[in-house]
Amino acid sequence: LEPTPDGTGLGIALRHPGAVERLPLPDRDARVAWLAAGDLPGLAQDVAVLHLHLANPVLGVPASSRHRRGLARRLTQYLASAESRPRVLVGDLNSTPFWPAYARLAETLDDAAAIAAARQGRAAERTWGPYPGSPRLLRVDHVLVDACEVLDFRVVAVAGRDHSAVLADLAG
């Protein structure tokens with residue numbers, strides 16, 4: 001999903017050089033940023049950062065459930081076949097930790113918010129509310145990691161939006 005002219009949407013922004021490519025998936029492609037250790041100060045090894053906006057589930061519509069399962073299956077196949085290097089999956093997964101799409105991805109990736117929250121003795125913060133400015137009811141925006149150390153994780157309100165931003169500090 002490309003950002004729109006008014007700045008909404010999703011994308012990967014890089015401060016330092018990195019190659020970004022599309023990962024073809026059903027309905028919505030993901031983006032993969034390949035970050036090379038030599039190109040980023042302090043980066044000890046190459047890292048793949050995947051960005052995904054998983055389609056919103058439509059409750060009671062079987063096609064939506066099949067689509068989401070297929071997309072999660074394709075993404076986990078890609079992750080399993082990817083080169084051995086630290087990986088980070090970020091995005092609006094439209095799935096709480098209790099839903100099947102999240103559970104499938106969490107089979108191979110660790111939840112940065114849950115790791116940071118457990119270390120701090122608190123629950124992971126929710127990221128979505130039904131309208132801009134509403135209380136956050138669900139945690140559907142995630143940073144999932146493999147072979148990365150989670151240093152910190154924060155949820156930040158974004159004025160005029162129904163989703164909060166998530167920020168993760170990682171080391172590998």
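Before any of the text, the structure's been laid out above.
Thresholds applied
Residues numbered from 1 in each chain as written. Predicted model: local features only at pLDDT ≥ 70, side-chain atom pairs only at ≥ 80, totals over all residues. Heavy atoms only, no water. Helix = DSSP H or I, 4+ residues; strand = E, 2+ residues; numbered from the N terminus. Buried < 20%, exposed > 50% of the residue type's maximum accessible area, 1.4 Å probe, protein only. Areas by Shrake-Rupley, 256 points an atom, 1.4 Å probe, with all protein chains shown as cover. Arc of directions from axis to C-beta. Contact = heavy atoms within 4.5 Å. Polar contact = N/O pair within 3.5 Å; in protein donor to acceptor, adjacent residues only side chain to side chain. Salt bridge = Lys/Arg side-chain N within 4 Å of Asp/Glu carboxyl O. Core = buried A, V, L, I, M, F, W, Y, C linked by side-chain atoms within 4.5 Å.

### Examining the overall build of the protein chain
Here comes step 1: Check the secondary structure of the protein chain and you find three helices and eight strands.
Here comes step 2: When the elements of the protein chain are put in sequence order from the N terminus, they spell out β-β-β-α-β-α-β-α-β-β-β.
Here comes step 3: Across the 172 residues in the protein chain, those meeting the buried criterion constitute 37%.
Here comes step 4: When the accessible surface of the protein chain is totalled, it reaches about 9,300 Å², and 55% of it is carbon and sulfur.

### Describing helix H3 (residues 112–119)
Here comes step 1: Taken together, the buried positions of H3 are Ala112, Ala113, Ala116 and Ala117. The buried residues of H3 occupy an angular sector of 125 degrees when the element is viewed end-on, so they sit on one face.
Here comes step 2: Its buried side turned inward, H3 meets strand S5 (110–111), strand S6 (141–146) and strand S7 (149–156).
Here comes step 3: Its side-chain oxygen placed 2.9 Å from the backbone nitrogen of Ala113, Asp111 serves as the N-cap of H3.
Here comes step 4: Once H3 finishes, Gly121 follows within two positions and takes phi at roughly 70 degrees, a positive value.

### Notes on the pattern of salt bridges
Here comes step 1: Tallying each qualifying case throughout the model produces five salt bridges.
Here comes step 2: Between Arg87 and Asp146 there is a salt bridge, with its nearest N and O atoms 2.4 Å apart. Taken as a pair, Arg87 in strand S4 (residues 87–92) and Asp146 in strand S6 lie far apart in primary sequence, 59 residues in all.
Here comes step 3: With a relative accessible area of 11%, Arg87 lands in the buried category.
Here comes step 4: Note that Asp169 and Arg154 form a salt bridge whose closest N and O atoms lie 3.0 Å from each other. One end of the pair, Asp169, is in strand S8 (residues 165–171); the other, Arg154, is in strand S7, and 15 residues separate them in sequence.
Here comes step 5: A network of salt bridges, in which partner residues are shared, links Asp152, Arg154 and Asp169.

### A closer look at the nonpolar core
Here comes step 1: Judged by nonpolar contacts, the single largest core of 20 residues is most densely connected at Leu23, Leu25, Leu50, Leu52, Leu75, Leu89 and Leu144.
Here comes step 2: Take this core: its biggest share by element is five residues, from helix H1 (residues 62–81).
Here comes step 3: Setting aside residues no more than four positions away along its own chain, Leu23 makes contact with Asp29, Ala30, Val32, Leu50, Arg74, Leu75 and Tyr78.
Here comes step 4: Listed in part, the 15 residues of the second largest apolar core include Val49, Val88, Ala116 and Val155.

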